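# Fold and contact review
Here's the letter readout for the chains.
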Amino acid sequence: MKYEAVIGLEVHVQIKTHSKMFTRVAAGYGQPANTLTDPVVLALPGVLPVMNKAALDAIIKAGLLLGCDIAPVCKWDRKNYFYPDSPKNYQISQFDQPICLNGSVEIELPGAARNIQGEHKKIALTRIHLEEDVGKLNHEAFDSLVDYNRAGTPLMEIVSEPVIKSAEEAYAYLTSLRATMIYGGISDCDMEKGQLRCDANISIRPVGETKLGTKVELKNLNSISYVRDGIAHEIQRQLAVTQAGGTIVQETRDYDGEAGVSQSLRSKEMAHDYRYFPDPDLMPVKVDAAWKARIQAECPELPFAKQTRFFTQYSLPYTLTSVLVWDRTLADYFEEAAKFAGPGKAQAVGNWIVNDLQRELGAAKLDLAVSKVRPQHIADLVTLIDAGTLLNNTAKEVFIEMFATGEPPASIVARKGLAAAPTDTAELEGWCRDAIAANAKSVAEFKAGKESAINGLKGPIMKASKGKANPKLVDETLRRLLAE
Ligand SMILES: Nc1ncnc2c1ncn2[C@@H]1O[C@H](COP(=O)(O)OP(=O)(O)OP(=O)(O)O)[C@@H](O)[C@H]1O
Ligand SMILES: [Mg+2]
Ligand SMILES: [Mg+2]
């Protein structure tokens, strides 16, 4: 029998706010243990929670960016459980009336080759709700120490429908979702800092079957690659169990990304009963049209929309767009440089940014924000090349210099005497005439209609000019002389 995999992802994303979800103490990462706490975070007797408006703004933005319906009214519930990571024995969350419903994440599947755009697909979302993050347990040799710095940080849970079909799709889903959150300024989504966490629910079923199979939940997938590897591994495990005549048991498993193995954490019998009930300390939240409109106005263009625009507006090839659009700063930098350079030069601008600038930044381990090469420099460089003042090979040299010093390209060219040979000289015409006289075969071929034969004349001219002749002018002069 042929089987197919069915996957649903639960993604937790920390919202980047100054303060915590229900109190004004600072939210943050990397501070000394238990310094980002106050009586509310520690759940001391008598405290009351107060909602963080910025966190509500952020989740509405996330919902709008993902095409969700924003509920006119949502409410808060207590999710009860006892564990030392939560000092109050419950977590404030949203149970049956979350703030965002439906919506989807657009993904691109791998194309037939690296330079070919892959198929696009929309993965449906069930809901997005807001809750507070919990503290962290640090396990020492004989003790476990608790740190409540993370407790109370605004946290979104983004739940997908069980419609993801493969580990690759899950990978594309997370890549796209992460970029959306970063573009929206909602979260930095640094998985190493726990700002984005993913649980994967996986089942298999015979192809053609519509009922869902028994799901296994994978936890502790702490990088996007581990999510992909963990899912692939779990699908194989379930297929092996099923093919050997066994049945899949509903359980939570822990995936060890480094070792590439998983082990059972708890089974269905040990599942929590959260005894949800409405939090009596918090009012329901009403989101009216004006609130939604205010947030809508702050929503940026997302990567896929930007990519489509880059195709039409700048005629960029897929390979360039697929690098540029995933990084908002890089995309903005490109657009600024393209604007300075003017019409018809966008692809050249894109090439310098994606190839040369990215390479040098990578080698120097620098961020684009501190690059001495500014968009105007790229535009100037491209303009010099286009005007024939600068040959491509010399331009590479100028770029390296410019990267190190931030000196404008024209000034480097002047200072180092790198300009291509003078343009309108009789000398150039002389080289051209010599080349025509010495290469009768190429001339005949060109005159017979073989367009590329003209290139056979250019080599000798470059040689005679020691590589400094302006290629554009050489081409023009040759054509003029050959037409005589
Ligand atoms: N049979 C199944 N196979 C694969 N995925 C499934 C299956 N049934 C449900 N899912 C997915 O599992 C996830 C369930 O998440 P949800 O938060 O609703 O419940 P939960 O995991 O029981 O709760 P908790 O938040 O406490 O972990 C969803 O993403 C859903 O699409
Ligand atoms: Mg869940
Ligand atoms: Mg779950």
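Conventions adopted
Residues numbered from 1 in each chain as written. Chains lettered and ligands numbered in written order. Predicted model: local features only at pLDDT ≥ 70, side-chain atom pairs only at ≥ 80, totals over all residues. Heavy atoms only, no water. Donors = N, O, S within 2.8 Å, 3.2 Å for Na, K, Ca; no water. Helix = DSSP H or I, 4+ residues; strand = E, 2+ residues; numbered from the N terminus. Buried < 20%, exposed > 50% of the residue type's maximum accessible area, 1.4 Å probe, protein only. Pairing = 2+ DSSP bridges. Phe/Tyr/Trp six-rings, centres within 6.5 Å; stacked < 30°, edge-to-face > 60°. Polar contact = N/O pair within 3.5 Å; in protein donor to acceptor, adjacent residues only side chain to side chain.

## A look at the coordination of the magnesium ion (ligand 3)
- Listed as protein donors to the magnesium ion (ligand 3) are Glu10 (OE), Glu10 (OE) and Glu217 (OE); their distances from the metal cover 2.2 to 2.4 Å.
- The distance between the magnesium ion (ligand 3) and the magnesium ion (ligand 2) comes to 3.7 Å, and Glu10 binds to both of them. Within this pair, whereas Glu10 is found in strand E1 (residues 3-14), its partner Glu217 is found in strand E13 (residues 216-221), the two being separated by 207 residues in sequence. Each member of the pair, Glu10 as well as Glu217, carries the same accessibility label: buried.

## So, the sheet that holds strand E16 (residues 277-278)
- Taken in spatial order, the three strands line up as E5-E4-E16 in an open sheet, and their pairing is antiparallel. A single partner strand is all that each edge strand has here, and the edge strands are strand E5 (90-93) and E16.
- In terms of strand pairing, strand E4 (residues 77-80) meets E16 through two bridges, oriented antiparallel. Paired with Arg78 across the bridge in E16 is Phe277.

## Regarding the packing of aromatic side chains
- Enumeration according to the criterion identifies nine aromatic pairs in this entry.
- Look at Phe304 and Trp326: their rings are 5.1 Å apart centre to centre, the planes differ by 90 degrees, and that puts the pair in the edge-to-face class. Here the residue Phe304 occupies a position in helix H5 (residues 303-314), and Trp326 occupies one in the loop between helix H6 (318-324) and helix H7 (328-341), the gap between them amounting to 22 residues.
- Residue Phe304 is classed as buried on the basis of its relative accessible area of 9%.

## With respect to the environment of Gln313
- Note on placement: Gln313 falls in helix H5.
- At 3.2 Å, the side chain of Gln313 forms a polar contact with the side chain of Tyr314.

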